[in-house]
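Residues per chain are reported as follows:
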Amino acid sequence: MSVNVISYYSMLTTKPRGKYNVQVCTNIACLLRGGEELLEHCEKKLGIRHKGTTPDGLFSLGGSRVGIGACSWAPAVQVN
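The rules behind the values
Per chain, residue numbering runs from 1 following the sequence as it is written. Restriction of local features to residues with pLDDT of at least 70 applies here, the model being predicted, together with a cutoff of 80 or more for giving and counting side-chain atom pairs; totals for whole chains, interfaces and linings are based on all residues. For side-chain calculations, the full set of non-hydrogen atoms in the structure is used, while hydrogens and water are omitted. Working definition: rings of Phe, Tyr and Trp (its six-membered ring) pair if their centres are within 6.5 Å, and the pair is stacked with planes under 30 degrees apart, edge-to-face with planes over 60 apart, and tilted otherwise. Under the scheme used here, helices are H or I runs from DSSP no shorter than 4 residues and strands are E runs no shorter than 2 residues, and both carry numbers assigned from the N terminus. Classification of residues uses two cut-offs on accessible area relative to the type maximum, computed with a 1.4 Å probe and protein chains only: under 20% is buried, over 50% is exposed, and between them is partly exposed. Two residues form a contact once any of their heavy atoms are found within 4.5 Å. What pLDDT expresses is the predictor's confidence in each residue, scored from 0 to 100.

How do you make sense of the packing of aromatic side chains when you look at a structure like this?
Aromatic ring pairs are defined here through the distance separating the ring centres and the angle between the ring planes. Taken as a whole, this structure holds 1 aromatic pair when the rule is applied. Consider the rings of Tyr-20 and Phe-59, whose centres lie 5.5 Å apart with planes at 35°: the pair is tilted. Pair noted here: Tyr-20 is in strand S1 (residues 20-25) and Phe-59 is in strand S2 (residues 59-64), with a separation of 39 residues, a long-range link. Taking relative accessible area as the criterion, Tyr-20 reaches 31% and is therefore assigned partly exposed. Given a relative accessible area of 28%, Phe-59 falls into the partly exposed group.

Given below as structure tokens:
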């Protein structure tokens, strides 16, 4: 599978993830309702950047461009 395909889909990765995988939706519906600010807040709280993992291996953080199917409740976050 190509790296381009892996980087597009949030459920695929080339690196190990933390025990808790936090996905913040960043599709258009969530962006319009604060998804980007929510992702920035998570980055600050966890001390990691998008697609990063905490040093203790507990948390990984990512944005889901494809969406997580919760547009009517935007912004949305999914854990594991």
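Quick question: what am I supposed to make of the environment of Arg-65 here?
By secondary structure assignment, the location of Arg-65 is in the loop between S2 and strand S3 (77-79). In this structure the C-alpha to C-alpha distance between Arg-65 and Cys-25, which are 40 residues apart in sequence, comes to 6.5 Å. Excluding anything up to four places from it in sequence, Arg-65 contacts Thr-26 and Asn-27.

Would you take a moment to explain the confidence of the model for the chain for this structure?
Detailed conclusions should not be drawn from predicted coordinates in areas where pLDDT is low. Considering every residue of the chain, the mean pLDDT works out to 85; 82% of them sit at 70 or more. Per-element confidence in the chain ranges from a low mean pLDDT of 60 for helix H1 (residues 3-8) to a high of 95 for helix H3 (residues 35-46).

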